[in-house]
Amino acid sequence: MAEQTQTKKKSSAGSIIVTVILVIAILFAIVCSYSAFTTKTGSGVPSIFGFEPFAVQSDSMAPFFYKGDLVIDKTVKDVSTLKEGDVITFWTVINGYRVLNTHRIIQVDDMGTYYYFETKGDNNTIADTTGVHSNEVVGQYMTHIPKLGAFLDFLQTSKGFFICIVIPVALFFLYEL
């Protein structure tokens, strides 16, 4: 009798652990889906409650943050508040492709009807060759989470989404049946 009660407790604890893990996977899937399909702001970048997550693609800002980190920006409502030393994410052209880049402002020029920012990566020896028009600013750096950007990049692939989202959700439903 005591063995049967102990077995039921172990089974119940295992069931609770599996359920919690699968619920977390489902919640994570919902957040990822929301960020992938949410209405994009005027900058063309998905925004979750005014915050914009970006996976860092190079070490140009090392040691501030590194390739594979996740940068979280806040949406910039008024570019006139940006100043030298702020880190911003902006649209630029690199190797013929329009991409997002995150660098530090080294100079701000008020052109009357718009602002123009000169930027530089902390790990770069020279300033960026192309300045940033105020219309190209996407967000201002708030914080970063080491290595999470690499995981989110993986999730954006078909294989990553299938392994990390589809399989756990399917297991959850099979387990519950």
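A brief report on the enclosed structure follows. Treat the numbers as computed from the prediction; the structure is a model and nothing was measured.

Concerning the packing of aromatic side chains
Turning to step 1, where the next piece is worked out: Enumeration over the complete set of coordinates arrives at four aromatic pairs.
Turning to step 2, where the next piece is worked out: Plain terms: the ring middles of phenylalanine 64 and phenylalanine 65 are 5.5 Å apart, the flat faces sit at 50° to each other, and that makes the pair tilted.
Turning to step 3, where the next piece is worked out: Residue phenylalanine 65 is classed as buried on the basis of its relative accessible area of 1%.
Turning to step 4, where the next piece is worked out: Note on phenylalanine 64 and tyrosine 141: the rings are 5.0 Å apart at their centroids and 50° apart in plane angle, and the pair reads as tilted. Here the residue phenylalanine 64 occupies a position in the loop between strand S1 (51–55) and strand S2 (70–75), and tyrosine 141 occupies one in strand S7 (residues 137–145), the gap between them amounting to 77 residues.
Turning to step 5, where the next piece is worked out: For tyrosine 141, a relative accessible area of 18% puts it in the buried group.
Turning to step 6, where the next piece is worked out: Taken together, the aromatic side chains of Phe64, Phe65 and Tyr141 make up a single cluster linked through ring pairs.

Overview of the packing of helix H2 (residues 148–155) against helix H3 (residues 158–176)
Turning to step 1, where the next piece is worked out: One way to put it is that H2 packs onto H3 with a least axis distance of 6 Å and a crossing angle of 100°. Judged by the angle between their axes, H2 and H3 are roughly perpendicular. From H2, Phe151, Phe154 and Leu155 reach across to H3, where they touch Lys159, Gly160, Phe161, Ile163, Cys164 and Ile165.
Turning to step 2, where the next piece is worked out: Residues that form the contact of H2 with H3 fall into these classes: seven nonpolar, one polar and one charged.

Definitions and limits used
Residues numbered from 1 in each chain as written. Predicted model: local features only at pLDDT ≥ 70, side-chain atom pairs only at ≥ 80, totals over all residues. Heavy atoms only, no water. Phe/Tyr/Trp six-rings, centres within 6.5 Å; stacked < 30°, edge-to-face > 60°. Buried < 20%, exposed > 50% of the residue type's maximum accessible area, 1.4 Å probe, protein only. Helix = DSSP H or I, 4+ residues; strand = E, 2+ residues; numbered from the N terminus. Axes fitted to C-alpha atoms, helices over the stretch in contact; angles between N-to-C directions. Parallel < 35°, antiparallel > 145°, perpendicular 65-115°, else oblique. Contact = heavy atoms within 4.5 Å. Nonpolar A, V, L, I, M, F, W, Y, C, P; charged D, E, K, R; others polar.

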